Number of protein chains: 2
Amino acid sequence: MAENHSLELLVQALRRLPGVGVKSAQRMAFHLLQHDREGALHLAQALQHACAEVKHCTLCHTFTEDEICPTCRDVRRDRSQLCVVENPADQSALERTGAYKGLYFVLMGKLSPLDGVGPRDIGLQKLFDRIDTLVDGAREVREVILATNFTAEGETTAHVIAQALKARGVNVTRLARGVPVGSELEYVDLGTIAHALVDRR
Amino acid sequence: MAENHSLELLVQALRRLPGVGVKSAQRMAFHLLQHDREGALHLAQALQHACAEVKHCTLCHTFTEDEICPTCRDVRRDRSQLCVVENPADQSALERTGAYKGLYFVLMGKLSPLDGVGPRDIGLQKLFDRIDTLVDGAREVREVILATNFTAEGETTAHVIAQALKARGVNVTRLARGVPVGSELEYVDLGTIAHALVDRR
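Residues numbered from 1 in each chain as written. Chains lettered and ligands numbered in written order. Predicted model: local features only at pLDDT ≥ 70, side-chain atom pairs only at ≥ 80, totals over all residues. Heavy atoms only, no water.

- Per an unreviewed UniProt entry, chain A goes by Recombination protein RecR and derives from Hydrogenophaga aromaticivorans.
- Per UniProt, the comment on chain A under Function (unreviewed entry) is "May play a role in DNA repair. It seems to be involved in an RecBC-independent recombinational process of DNA repair. It may act with RecF and RecO." (UniProt positions renumbered as here; feature names shortened; annotations may be inferred.)

Below, the structure is given as structure tokens:
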């Protein structure tokens, strides 16, 4: 296929998608060209359109097509609570629960020292600036809920943010660790049970 | 994210790629928008370019940007042998061996009655027309080598083609089944060993 320049370029371009190796990229390219050219052109348009339209909300940093995202604009939301999540998918999971009525701050990443991702790369300063913003001479945000993932990186991120905010005298909470709803203790990992015991109420 | 129209459209468009579900599509969209907008635009261009440029070779049916692909144009190749493969990736694997100097016919699919893919869908008639083409009053193709995959569908495809070609009096062969190079018998599946025994030479 060395002579087939545009097919080769398409395979290379598809490999830039996360989780796509050379075999999958080839399979995708063959599939699109053989069975779904309409889908390929549709995808090309969607990519160009999204790159042109999608930017970050100036308040919460999530993806939005406006200057300020609809969640931050919503006057019915409680502006004294700020929930910190890693990415828009996590935010959307929290939203679907319907149990949270405050605002969000989307880090768009997580601290990962091993991969060279430090506080500057995920824009922690922007979060601190947001929290320090004064409305009528007082901080608008009264509680910061850390909802980063319960992975090593997510816990590190939560820890670093918590330290910085406590130094500022801000009230910081973390999502509860415990036994997932619907699970049988027998099959829950021991770390989770230990946390659930300590945090019992 | 219901309000985020272009992001939603991008996720939908990515889901049309084979093997990509809603979670992977979201991950891809977030990754491209957050870390690799250049790659996203690059992919959009590659898709449009490939859709505009890549067509099928009129002789062997593989993907090419020309009327006739470079392999079919190559005068040094043996025009009396025709190797039938399922897709360009298989063709490229055979090419990389350097052991075959004849021409190819790429089915761009395989018979799969359970999925409703019949002889017409993979254009078998085109293969038969190609084989029946007379040059100076005689068939140019003297041997058809069936190199479809050794899966259920590939074997069915090979069987159907073999039957049709034998009825035409064409010499048909199949890639040898046997023990893969470098393998220990102990770990080879029994069907393969049985075939290797029967086809011993």
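## Quick notes on the UniProt feature "domain: Toprim" (unreviewed entry) in chain A
And then number 1: According to UniProt, the feature "domain: Toprim" (unreviewed entry) maps to residues 80-180 of chain A in the numbering used here.
And then number 2: Taken end to end, residues 80-180 of chain A is 35% helix and 23% strand, and its two terminal C-alpha atoms sit 28 Å from one another. (Helix = DSSP H or I, 4+ residues; strand = E, 2+ residues; numbered from the N terminus.)

## Focus on the sheet that holds strand E7 (residues 143-146) of chain B
Residue and element names in this part refer to chain B.
And then number 1: With respect to topology, four strands assemble into an open sheet ordered E4-E3-E7-E8, the strand pairing being parallel. Both edges of this open sheet fall to strand E4 (102-106) and strand E8 (171-174), since each of them pairs with a single strand only. Averaged over all pairs of adjacent strands, the angle between their axes in this sheet comes to 25°, without regard to strand direction.
And then number 2: Two elements, E7 and E8, share four bridges in a ladder whose sense is parallel. (Pairing = 2+ DSSP bridges. Axes fitted to C-alpha atoms, helices over the stretch in contact; angles between N-to-C directions.)

## Quick notes on the packing of helix H1 (residues 5-14) of chain A against helix H2 (residues 22-35) of chain A
Residue and element names in this part refer to chain A.
And then number 1: Between H1 and H2, the least distance of the axes is 8 Å, while the angle of their chain directions is 125°. As judged from the angle between their axes, H1 and H2 are oblique. Here H1 and H2 pass one another in a crossing that is right-handed. Between H1 and H2, the residues in contact are Leu7, Leu10, Val11 and Leu14 and Val22, Ala25, Gln26, Met28, Ala29, Phe30 and Leu33, respectively.
And then number 2: In terms of residue class, the contact of H1 with H2 is made up of ten nonpolar, one polar and no charged. (Parallel < 35°, antiparallel > 145°, perpendicular 65-115°, else oblique. Left-handed = near helix turned anticlockwise from the far one by under 90°. Contact = heavy atoms within 4.5 Å. Nonpolar A, V, L, I, M, F, W, Y, C, P; charged D, E, K, R; others polar.)

## Re the UniProt feature "zinc finger region: C4-type" (unreviewed entry) in chain A
And then number 1: This chain's UniProt record puts "zinc finger region: C4-type" (unreviewed entry) on residues 57-72 of chain A.
And then number 2: Strand forms 12% of residues 57-72 of chain A and helix 19%; the C-alpha atoms that close the span are 8 Å apart.

## Here's the deal with the sheet that holds strand E8 (residues 171-174) of chain A
All names here are of chain A.
And then number 1: Read across the open sheet, the four strands follow the order E4-E3-E7-E8; overall the sheet is parallel. Of all the strands in the sheet, the pair left with one neighbour each is strand E4 (102-106) and E8. Geometrically, the sheet is characterised by an average inter-axis angle of 25° between neighbouring strands, direction not taken into account.
And then number 2: As defined by bridge partners, strand E3 (residues 78-85) adjoins E4 across five bridges and the pair is classed as parallel. Bridge pairing links aspartate 78 to glycine 102 in E4.
And then number 3: Across the sheet, helix H6 (residues 124-132) lies against E3, E4 and strand E7 (143-146), angled at about 155° from E4, the strand it touches most.

## Thoughts on the interface of chain A and chain B
And then number 1: On the side of chain B, 50 residues touch chain A, which itself brings 49 residues to the contact.
And then number 2: Of the roughly 4800 Å² buried at the junction of chain A and chain B (both faces included), carbon and sulfur atoms supply 67%.
And then number 3: One can count two salt bridges joining chain A with chain B.
And then number 4: In this structure, arginine 16 of chain A engages aspartate 36 of chain B in a salt bridge whose closest nitrogen and oxygen atoms are separated by 3.0 Å.
And then number 5: Scanning the region where chain A abuts chain B turns up 13 residue pairs in polar contact (both at pLDDT 80 or more).
And then number 6: Looking at the side of chain A that touches chain B, the elements that each hand over two or more residues are H1, H2, helix H3 (37-53), strand E1 (55-56), strand E2 (63-64) and helix H5 (88-97) of chain A.
And then number 7: Broken down by element, the residue count for the side of chain A that touches chain B peaks at 15 residues, all from H3 of chain A.
And then number 8: Class assignment for the residues of the side of chain A that touches chain B results in 27 nonpolar, 13 polar and nine charged. (Buried area = accessible area lost by both parts, 1.4 Å probe. Salt bridge = Lys/Arg side-chain N within 4 Å of Asp/Glu carboxyl O. Polar contact = N/O pair within 3.5 Å; in protein donor to acceptor, adjacent residues only side chain to side chain.)

## A few points about the packing of aromatic side chains
All names here are of chain A.
And then number 1: For the structure shown, the criterion picks out four aromatic pairs over all chains.
And then number 2: Measuring from ring centre to ring centre gives 5.2 Å for tyrosine 100 and tyrosine 104, while their planes differ by 70°; the resulting arrangement is edge-to-face. Residue tyrosine 100 shares its accessibility class with tyrosine 104, and that shared class is buried.
And then number 3: The lysine or arginine in question, arginine 174, covers the ring of phenylalanine 150, its NZ or CZ lying 4.0 Å from the ring centre. (Phe/Tyr/Trp six-rings, centres within 6.5 Å; stacked < 30°, edge-to-face > 60°. Buried < 20%, exposed > 50% of the residue type's maximum accessible area, 1.4 Å probe, protein only. Lys NZ or Arg CZ within 6 Å of the ring centre and 35° of its normal.)

## Brief notes about the relation of the copies chain A and chain B
And then number 1: When chain A is fitted onto chain B, the two copies agree to an RMSD of 0.0 Å after a turn of 180° and an axial shift of 0.0 Å. Between the two chains, the operation in question is that of a two-fold axis. By C-alpha distance to the rotation axis, the residue of chain A lying nearest is alanine 44 of chain A, at 2.0 Å.
And then number 2: Interface overlap between copies is the fraction of interface residues in one copy that are interface residues in the other; for chain A against chain B it reaches 100%, indicating a shared surface. (Least-squares fit on C-alpha atoms with pLDDT ≥ 70 in both.)

## Focus: the environment of tyrosine 187 of chain B
And then number 1: Residue placement: tyrosine 187 of chain B occurs in the loop between E8 and helix H8 (190-198).
And then number 2: The spatial distance from the C-alpha of tyrosine 187 of chain B to the C-alpha of tyrosine 104 of chain B is 33 Å, given a sequence separation of 83 residues.

## Re the domain arrangement of chain A
And then number 1: Here chain A is partitioned into domain 1 (4-53) and domain 2 (78-174).
And then number 2: Each of domain 1 of chain A and domain 2 of chain A was reduced to a C-alpha centroid, and the two centroids are 35 Å apart. (Domains from an automatic or database assignment.)

## Examining the pattern of salt bridges
And then number 1: Taken as a whole and assessed by the stated rule, the structure comprises 18 salt bridges over all chains.
And then number 2: With a shortest N-O distance of 3.0 Å, aspartate 132 of chain A and arginine 139 of chain A are connected by a salt bridge.
And then number 3: The exposure class of aspartate 132 of chain A is partly exposed, given its relative accessible area of 27%.
And then number 4: Owing to a relative accessible area of 29%, arginine 139 of chain A belongs among the partly exposed residues under this scheme.
And then number 5: Arginine 76 of chain B serves as the salt-bridge partner of aspartate 74 of chain B, at 3.2 Å between the closest nitrogen and oxygen.
And then number 6: Its relative accessible area of 19% is what places aspartate 74 of chain B among the buried residues.
And then number 7: Of the residues examined, arginine 76 of chain B reaches a relative accessible area of 73% and is grouped as exposed.
And then number 8: Connected through salt bridges with shared partners, the residues Asp132, Arg139 and Arg168 of chain A form a single ionic network.

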